[in-house]
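# Report on the structure
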Amino acid sequence: VNDVRVAFATAQGPAYEFTRWVDEATLKTLALGVLPDGYGEYRWEGKIFGFFVEADNGTESRRRWTAKIDTYEQLAASGRIESLLGRRFFRVLVTTTSPRRLANISAEIARHTDRIFWLTTRHALLTDGPFSACWQRPRLKEPQSLNTSQP
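So, a few notes on the structure that sits alongside this text. Each chain has its residues counted from 1, running along the sequence as written. Local features in this predicted model are restricted to residues whose pLDDT is 70 or higher, and side-chain atom pairs enter the listing and the counts only when it is 80 or higher, whereas totals over whole chains, interfaces and linings include all residues. Think of the side-chain values as coming from all heavy atoms in the structure, minus any hydrogens and water.

## Side note on the overall build of the chain
Note the threshold: Helix and strand assignments come from DSSP, with helices taken as H or I runs of at least 4 residues and strands as E runs of at least 2, each series counted from the N terminus. With C-alpha atoms as the basis for the radius of gyration, the globule rule is written as 2.2 Å multiplied by the number of residues raised to the power 0.38. Working rule for contacts: check all heavy atoms of both residues, and any pair within 4.5 Å makes them a contact. Positive charge is attributed to Lys and Arg, negative charge to Asp and Glu, and no charge count is given to His or to the chain ends. By convention, the point assigned to a charge is CZ for Arg, NZ for Lys, CD for Glu and CG for Asp.
What the chain contains, in helices and strands, is six helices and five strands. A globule of 151 residues ought to have a C-alpha radius of gyration of about 15 Å, and the chain, at 14 Å, matches this closely. Projected onto its principal axes, the C-alpha coordinates of the chain cover approximately 40 × 35 × 25 Å. Partitioning the contacts of the chain with sequence separation of at least 6, the portion at a separation of at least 24 is 57%. One way to put it: in the chain the 21 positive side-chain charges average out to a point 4 Å from where the 17 negative ones average out.

Okay, structure coming up:
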């Protein structure tokens with residue numbers, strides 16, 4: 001989780017600013033129905049983007065991932081995040097331990113949605129940075145950058 005936070009905190013760009021980090025302990029008090037590993041916000045070209053972090057270590061079952069996916073979808077549809085964190089829209093950024101694990105989680109997400117979830121390996125995030133085209137989207141074949149216009 002710290003790797004993700006530091007990757008965003010140290011990223012640089014003329015149109016970029018890391019603006020907020022909320023840790024897991026604080027998120028627990030919000031009773032979201034899912035306990036993300038963190039929540040962050042950044043400003044890119046004047047727009048603020050909110051994101052939850054799921055730092056996967058390869059230990060959670062498919063059933064647990066299905067429950068997380070469903071809960072995040074419900075949170076996105078409910079608008080509850082806006083009252084809790086001040087953002088109407090959010091992404092769920094998933095970091096994994098390997099390309100194989102990424103493919104497995106992405107396939108499970110794709111069974112439910114092609115929205116809000118962005119996945120990468122921890123290695124790619126740390127090597128290439130958070131705004132490189134290192135992110136996989138469910139149902140898309142080409143890697144994406146967080147700067148694309150897709151939700």
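Anyway, onward from the coordinates.
## Here's the deal with the nonpolar core
Most often, soluble globular proteins keep nonpolar side chains buried together rather than apart. Put simply, the rule reads: For this analysis, a nonpolar core means a set of buried residues of the types Ala, Val, Leu, Ile, Met, Phe, Trp, Tyr and Cys, connected via side-chain atoms within 4.5 Å. Under the scheme applied here, a residue whose accessible area is under 20% of the maximum for its type counts as buried, over 50% as exposed, and between as partly exposed, the area being computed with a 1.4 Å probe on protein chains only.
Counting 22 residues, the largest nonpolar core has Leu-32, Phe-52, Tyr-72, Phe-90 and Phe-117 as the members making the most contacts within it. If you list the elements that add at least two residues to this core, you get helix H3 (62–78), helix H4 (80–85), strand E4 (91–96), helix H5 (99–110) and strand E5 (117–121). Considering each element in turn, this core owes the most residues, four residues, to H3. Every residue in contact with Phe-90, bar those within four places of it in the chain, is listed here: Gly-50, Phe-52, Tyr-72, Leu-75, Ala-76, Ile-81 and Ile-116. Val-4, Val-53, Leu-125 and Leu-146 belong to the second-largest nonpolar core, a separate cluster that totals 17 residues.

## Overview of H3
One full turn of an α-helix is made of 3.6 residues, so residues set three or four places apart face in the same direction. This is how it is decided: Helix span, expected: 1.5 Å multiplied by one less than the number of residues in the helix.
Between its terminal C-alpha atoms H3 stretches 24 Å, which fits the 24 Å expected from 17 residues at 1.5 Å a residue. Residues of H3 that are buried include every one of Trp-65, Thr-66, Lys-68, Ile-69, Thr-71, Tyr-72 and Leu-75, and no others. Those residues of H3 that are buried lie in contact with strand E3 (47–55), H4, E4, H5 and E5. Two residues or fewer past H3, Gly-79 is found with a positive phi of approximately 80°.

## Observations regarding the sheet that holds strand E2 (residues 38–44)
To summarise the sheet geometry, strands pair through backbone hydrogen bonds and adopt either a parallel or an antiparallel arrangement. The test is simple: At least two bridges found by DSSP between two strands are what make those strands a pair. A fitted line through C-alpha atoms serves as each axis, taken over the contacting stretch for helices, and the angle formed by two N-to-C directions is quoted from 0 to 180°.
Taken together, five strands build an open sheet; the order of strands is E1-E2-E3-E4-E5 and the sheet is mixed. In this open sheet, the two edge strands, each paired with only one partner strand, are strand E1 (16–23) and E5. The average undirected angle you get between the axes of adjacent strands in this sheet is 25°. Pairing geometry for E4 and E5, over five bridges, is parallel. Residue pairing in the sheet places Val-92 in a bridge with Phe-117 of E5. Packed on one face of the sheet, helix H1 (residues 2–10) meets E1, E2, E3 and E4 and runs near 155° to E1. Those strands touched by H3 are E3, E4 and E5, and its axis lies near 160° from that of E3.

## Some words on the environment of Leu-93
Tracing the backbone shows Leu-93 in strand E4. Judged by its relative accessible area of 1%, Leu-93 is buried. Along the sequence, Leu-93 and Cys-134 sit 41 residues apart, while their C-alpha atoms lie 12 Å from each other. Residues within four places of Leu-93 in sequence aside, it is in contact with Phe-8, Phe-51, Phe-52, Val-53, Glu-54, Trp-118, Trp-135 and Leu-146.

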